[in-house]
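Descriptive analysis of the structure
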Amino acid sequence: MPNSLPRRDFLTSGLSAGSILGLGGLSLFQNLPLVSAQEQNNSRRIVQLQPDIEPVVRLLEETPRDQLLEVFASEIRKGLSYTEVLAAVQLAGVRNVEPRPSVGFKFHTVLAVNSTHLASLASPPEHRWMPIFWGLDYFKSAAESDVKERGDWTMTAVDDSKLPKPHQATDEFIHAMENWDEAKADAAIAQLARTAGANEIYELMFRFGARDFRSIGHKAIFVANSYRTLQCIGWKHAEPILRSLVYAALMHDGANPKDRDDSADRPWRRNLDLVKTIRPDWRDGKLDSAATEELLTSLRTASPDEACDQVVKVLNAGISPQSIWDALFVMGGELLMRQPGIVALHANTTNNALGYAYRTSSNDETRRLMMLQAAAFVTMFREAMRSRGNVKDLTIANLKEQEGSQDAMNLEFLFETLGSNPLSAARMSYAYLQKSGSPNDLLDAARVLIYRKSRDSHDYKFSSAVLEDYYNVSPEWRNVFLASNVFELKSSTARDTPLLARTQAAFS
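Predicted model, so just to flag it, every value in this text is computed and none were measured. Think of each chain on its own: its residues are numbered from 1, step by step along the sequence as written. Owing to the predicted nature of the model, reporting of local features is limited to residues with pLDDT of at least 70; listing and counting of side-chain atom pairs is limited to 80 or more, with chain, interface and lining totals taken over all residues. Computation of side-chain values covers all heavy atoms of the structure but excludes hydrogens and water.

Here the focus is the layout of surface pockets. Size it by volume and the second largest pocket reaches roughly 400 Å³. As for the second largest pocket, its lining consists of 17 residues, of which Glu182, Ala183, Asp186, Ala187 and Arg243 are closest to the centre. Of all the secondary structure elements, the ones that give two or more residues to the lining of the second largest pocket are helix 12 (182-195) and helix 15 (238-249). In DSSP terms, a helix is any run of H or I states spanning at least four residues, a strand is any run of E spanning at least two, and both are numbered starting from the N terminus. A per-element tally of the lining of the second largest pocket places helix 12 first, with five residues. Residue polarity follows a fixed list, in which Ala, Val, Leu, Ile, Met, Phe, Trp, Tyr, Cys and Pro are nonpolar, Asp, Glu, Lys and Arg are charged, and the others, Gly among them, are polar. Looking at side-chain class alone, the lining of the second largest pocket contains nine nonpolar, one polar and seven charged residues. Cavities and pockets were defined on a 1 Å grid built from protein atoms only: a cavity is a group of points that admits a 1.4 Å probe but offers it no way out, a pocket is an open group of points flanked by protein on both sides within 12 Å along at least five of seven lines, and a lining residue is one with an atom within 4 Å of any such point. Grid points are joined across faces, edges and corners, and a volume is the space filled by probe spheres set on the points.

See below:
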């Protein structure tokens, strides 16, 4: 990227006096329109953000899309920091884009923020702003969709008079969530954001985000990604993000879910009892590849109940939970081989989210529940694929057919092939990794192609999840996991996104 910022500037460009004072550079205010008395009255009805980030978010909200990248590049040159830009994208999203009627679609402007952040951290220096600038532009697209679909929904300010007492907030929040009571849950989470700790709140959210299969895993994804984003931008921004998260977690159609037996809720209700049958020393098990293979075979045909029962059986037989996660991750990749597309893609991003909750939670029962829910969900993704038709009869064994292996060490040819023959490219990827080709070179090439070619939020969300989980899978299973997921990476033959040239020009 011409005139790109070096890594040190990329990470510390907000250390100007204005940024230290929380102003983000006085130039931010110069081009904003004057605020009338009526607008001030109206502003009290919408959620207000921290004073230091409000002008940056307003700049994002009010700058026309065709000028946005150039305006933000200019402000970055003047001292606007990476963290401030990342926070603005997240906060503008939760304030202006409703996570309804489904926690997905346009709401990916929020869901993908952590994914773009991970992509930036892992990218070559000349590409580090590209994912974030994609996020800036995508917000404008999502906001436009929200206006068309929901009549320009905006998060309202919380009514402080309805907040529970701080010492009662946790109990009221749990009761409201269990009863799917949006108003009381909103008030309780606002109070918790102000008075409780981050770990306390997200211990609760890990469970409520994973309790139902509505929106094909996006609730769990939002929980994990919002927590990770807050760790970067700061807990002071938590309240509006948590309110959006709770509103998303309570999304449902029809009557109150607590009063009906919906298939989306059944695994959780059953697993609350099943989890108690797992041996207390479940973490002491030994890694066993044969157990992974057996569970993987079961997941290809099992019902959600059967899959969860098998997980309990494996744990109680003294097998390491890592062997279970290996099967779950690999199964996600295998589903993508059978039917590349939106459903199998989310099997992988949901595995990533539930795996993050499992690794992050300090509650023993919650960790076991994340495993059980992941096992149930992967079978539900499998059946959702079947309902769409055209599911190929492929397994990871098909990756080991060394078709085109003589060209496997040529990454350029591999990513060219991906555009015309994804299965051949997947086999080449497996052969490349088996022949001790550098996994980092393959991962870096995949990331750069996402920056250059991506036109969809799922490109960032999926690639960041899969490329991260490569290292969360045991070494024995990593190569088949990554090769199976090549199906949803970008080919070098695809057209470059126009945003690439615009971002480069903005920094020139």
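Moving on, there is more to tell.
Let us look at empty space enclosed by the protein. Tallied over the entire structure, the rule returns three cavities of 30 Å³ or more. Here the largest cavity defines a volume of roughly 90 Å³. Taken together, 14 residues form the lining of the largest cavity, with Ser115, Asn225, Asn352, Lys461 and Ala465 sitting closest to its centre. Going through the elements one at a time, helix 9 (113-122), helix 14 (218-233), helix 20 (342-360) and helix 25 (457-469) are the ones with two or more residues in the lining of the largest cavity. Of the residues belonging to the lining of the largest cavity, the class tally is five nonpolar, six polar and three charged.

So, on to the packing of helix 17 (residues 289-299) against helix 18 (residues 304-316). Close contact between helix 17 and helix 18 brings their axes to 10 Å; oriented N to C, the two are set at 170 degrees. Taken together, the axis directions place helix 17 and helix 18 in an arrangement best described as roughly antiparallel. In this structure, helix 17 contributes Ala291, Glu294, Leu295, Ser298 and Leu299 to the contact, and helix 18 contributes Ala307, Gln310, Val311 and Val314. When the residues that make up the contact of helix 17 with helix 18 are grouped by side-chain class, the tally is six nonpolar, two polar and one charged. Only the stretch in contact is used when a helix axis is fitted, and all axes are lines through C-alpha atoms; the angle between N-to-C directions ranges over 0 to 180 degrees. When describing relative orientation, an angle under 35 degrees is termed roughly parallel and one over 145 degrees roughly antiparallel, while 65 to 115 degrees is termed roughly perpendicular and anything else oblique. Contacts are assigned to residue pairs with any non-hydrogen atoms lying within 4.5 Å of each other.

Here's how the labels work: a residue is buried when its accessible area is under 20% of the maximum for its type, exposed when over 50%, partly exposed in between, all with a 1.4 Å probe on protein chains only. Of all the residues in helix 16 (residues 266-274), the buried ones are Pro267, Trp268, Asn271 and Leu274. When helix 16 is viewed along its axis, its buried side chains cluster within an angular range of 120 degrees and face the same direction. Looking at the buried side of helix 16, the elements it contacts are helix 13 (198-210), helix 18 and helix 21 (364-388). Note that the arc is computed from the directions linking the helix axis to the C-beta atoms.

For the chain, per-residue confidence averages 90 on the pLDDT scale, and 90% of positions sit at 70 or higher. Residue-level confidence of the predictor is summarised by pLDDT, bounded by 0 at the bottom and 100 at the top. This model gives residues 1-43 a pLDDT under 50, and the stretch forms 64 contacts once residues within four places in sequence are excluded.

Turning our eyes to something else, we now look at the packing of helix 14 against helix 15. The interhelical angle for the contact between helix 14 and helix 15, taken along N-to-C directions, is 175 degrees, at an axis separation of 10 Å. With respect to their mutual orientation, helix 14 and helix 15 come out roughly antiparallel. For the pair helix 14 and helix 15, the contacting residues are Lys219, Phe222, Val223, Ser226, Leu230 and Ile233 in the first and Ala238, Ile241, Ser244, Leu245, Ala248 and Ala249 in the second. Its residues assigned to classes, the contact of helix 14 with helix 15 shows nine nonpolar, two polar and one charged.

The next subject is the pattern of salt bridges. Salt bridges are defined by distance alone: a side-chain nitrogen of Lys or Arg within 4 Å of a carboxyl oxygen of Asp or Glu. Within the structure shown, the criterion is met by 36 salt bridges. Residue Arg382 pairs with Glu383 through a salt bridge whose shortest N-O separation is 2.9 Å. Here Glu383 falls in the partly exposed class, since its relative accessible area comes to 34%. Overlapping salt bridges bring together Asp212, Arg214, Lys219 and Asp265 as one network.

This brings us to unusual backbone geometry. Put simply, Arg100 and Pro101 share a cis peptide bond, and its omega is 5 degrees. Assignment of secondary structure puts Pro101 in the loop between helix 7 (82-96) and helix 8 (108-111). Positive phi is not limited to glycine here, since Phe105 has a value of about 50 degrees. Turning to its location among the elements, Phe105 is positioned in the loop between helix 7 and helix 8. The class of Phe105 is exposed, set by a relative accessible area of 65%.

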